[in-house]
Amino acid sequence: MPLITQHTAADIPERRRAVNADIFVSEGAICDMLDHAEKGMNENAEVMGLLAGHVYRDDGGYYATVSKAVTSALISDEVSVRFDPDDMVTLFDALDNLDFEYVIVGWYHSHLGIGCFMSETDKSTHKAAFGETGFAMVIDPMKEEMKVFKGSADGTTEASMVVLEDHTQMA
Ligand SMILES: [Zn+2]
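Calculation rules
- Sequence order as written defines residue numbering, which begins from 1 separately in each chain.
- Per-residue local features are limited, in this predicted model, to residues with pLDDT of at least 70; the limit for side-chain atom pairs, both in listing and counting, is 80 or more; totals at the level of whole chains, interfaces and linings are taken over all residues.
- Strands are runs of DSSP state E lasting at least 2 residues, helices are runs of H or I lasting at least 4, and numbering of each runs from the N terminus.
- We take the radius of gyration over the C-alpha atoms and set the globule estimate at 2.2 Å times the residue count to the 0.38 power.
- Here, a strand pair is defined by DSSP locating no fewer than two bridges between the strands.
- Each axis is a line fitted through C-alpha atoms, taken for helices only over the stretch in contact, and angles between the N-to-C directions span 0 to 180 degrees.
- In this scheme every C-beta is placed from the backbone, and a residue whose C-beta has 20 or more other C-beta atoms within 10 Å is buried, one with 12 or fewer is exposed, and one in between is partly exposed.
- Remark: nonpolar core denotes a set of buried Ala, Val, Leu, Ile, Met, Phe, Trp, Tyr and Cys residues whose joining runs through C-beta atoms within 7 Å.
- The directions from the helix axis to the C-beta atoms form the arc being described.
- It is the C-beta atoms, placed from the backbone, that decide contacts: two residues are in contact if theirs lie within 7 Å.

Draft legend 1. Geometry of the overall build of the protein chain. Looking only at helices and strands, one finds three helices and ten strands in the protein chain. Its helices and strands in sequence order give the protein chain the pattern β-α-β-β-β-β-α-β-α-β-β-β-β, from N to C terminus. Against the globule reference of 16 Å for 171 residues, the protein chain gives a C-alpha radius of gyration of 15 Å, in line with a compact fold. Across its three principal axes, the protein chain shows a C-alpha extent of roughly 45 × 35 × 30 Å.

So this is what it looks like as structure tokens:
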């Protein structure tokens, strides 16, 4: 996966969060990711996509909001997934068509029945593409489980998530 965005502390706008969580995700984005993961499950394939939203910081460190999950054609099977390099234009079109200013705050992908965790491959993908400020959502539609992870100095750690009913609340 190409390097899409990497933040340095100076780039991240300051904005105080009302509730203490690492990532705030719109219900619409959650539904889209769950639908996508379920569709993949029916074809016995993992799925993935990108999380579009904003990154902010306050006294507690940085956090992100996610308004939309976007994806494109994938090359995937039961245990691996990547974007189809011949269809990156769909991904960029999906990003271009978003009606708000965004940054790519991370990515999501699914696991089939093995639970939600970051594999060694997931960790190196995450580090290469998103570094320490990025988030990784892992969904296991077979176990009906969803977890989110954030980059840390020594890999990734589990992050706390709040689901918001409507992305207009997130600004
Ligand atoms: Zn994985």
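Draft legend 2. Layout of the sheet that holds strand S7 (residues 135-140). One open sheet holds the eight strands; their spatial order is S9-S8-S7-S6-S2-S3-S1-S10, and the pairing between them is mixed. Edge strands, defined here as strands with exactly one partner in the open sheet, are strand S9 (155-159) and strand S10 (161-164). Pairs of neighbouring strands in the sheet enclose a mean axial angle of 30°, with direction left out of account. Taken together, the five bridges between strand S6 (residues 103-110) and S7 define a ladder with parallel strand orientation. When the bridges of S7 are listed, Trp107 appears paired with Ala136.

Draft legend 3. Geometry of unusual backbone geometry. Non-glycine residue Asn44 carries a positive phi angle of around 55°. Relative to the helices and strands, Asn44 is located in the loop between helix H1 (27-42) and strand S2 (48-58). Since 10 C-beta atoms lie within 10 Å of it, Asn44 is described here as exposed. The residue Glu144 is not glycine, and still its phi comes out positive at about 50°. As for its placement among the helices and strands, Glu144 is situated in the loop between S7 and strand S8 (145-152). Using a count of 10 C-beta atoms within 10 Å as the deciding quantity, one classes Glu144 as exposed.

Draft legend 4. Representation of the pairing of strand S3 (residues 61-70). With eight of ten residues buried, S3 is to be regarded as a mostly interior element. Examined bridge by bridge, strand S1 (residues 23-26) and S3 share three bridges and lie parallel to one another. Note on S3: the bridge partner recorded for Val25 is Val66. The pairing of S2 with S3 spans nine bridges and is antiparallel. Bridged to His54 within S3 is Thr65. As consecutive antiparallel partners, S2 and S3 are separated by two residues.

Draft legend 5. Highlighting the environment of Phe24. Position of Phe24 among the secondary structure elements: in strand S1. Sequence separation between Phe24 and Asp93 is 69 residues; the distance between their C-alpha atoms is 24 Å.

Draft legend 6. Structural context of the nonpolar core. Core analysis: the biggest nonpolar cluster contains 31 residues, and Ile23, Leu51, Val66, Tyr108, Phe135 and Met137 have the highest contact counts within it. Of all the secondary structure elements, the ones that give two or more residues to this core are S1, H1, S2, S3, S6, helix H3 (120-130), S7 and S8.

Draft legend 7. Expanded view of the pairing of S1. Burial along S1 is two-sided: the face carrying Ile23 and Val25 and the face carrying Phe24 and Ser26 are both buried. Looking at chain direction, S1 and S10 are connected through four bridges and run parallel. Bridge assignment links Ser26 to a residue of S10, and that residue is Leu164.

Draft legend 8. Broad picture of H3. Taken as a whole, H3 has its buried residues at His126, Ala129 and Phe130. For H3, the angular spread of the buried residues around the axis is 85°, confining them to a single face. Seen from the buried face of H3, the exposed residues on the opposite side, beyond 90 degrees, are Glu120, Thr121, Ser124 and Ala128. Buried residues in H3 make contact with S6, S7, S8 and S9. Gly131 sits one or two residues past H3 and shows a positive phi near 60°.

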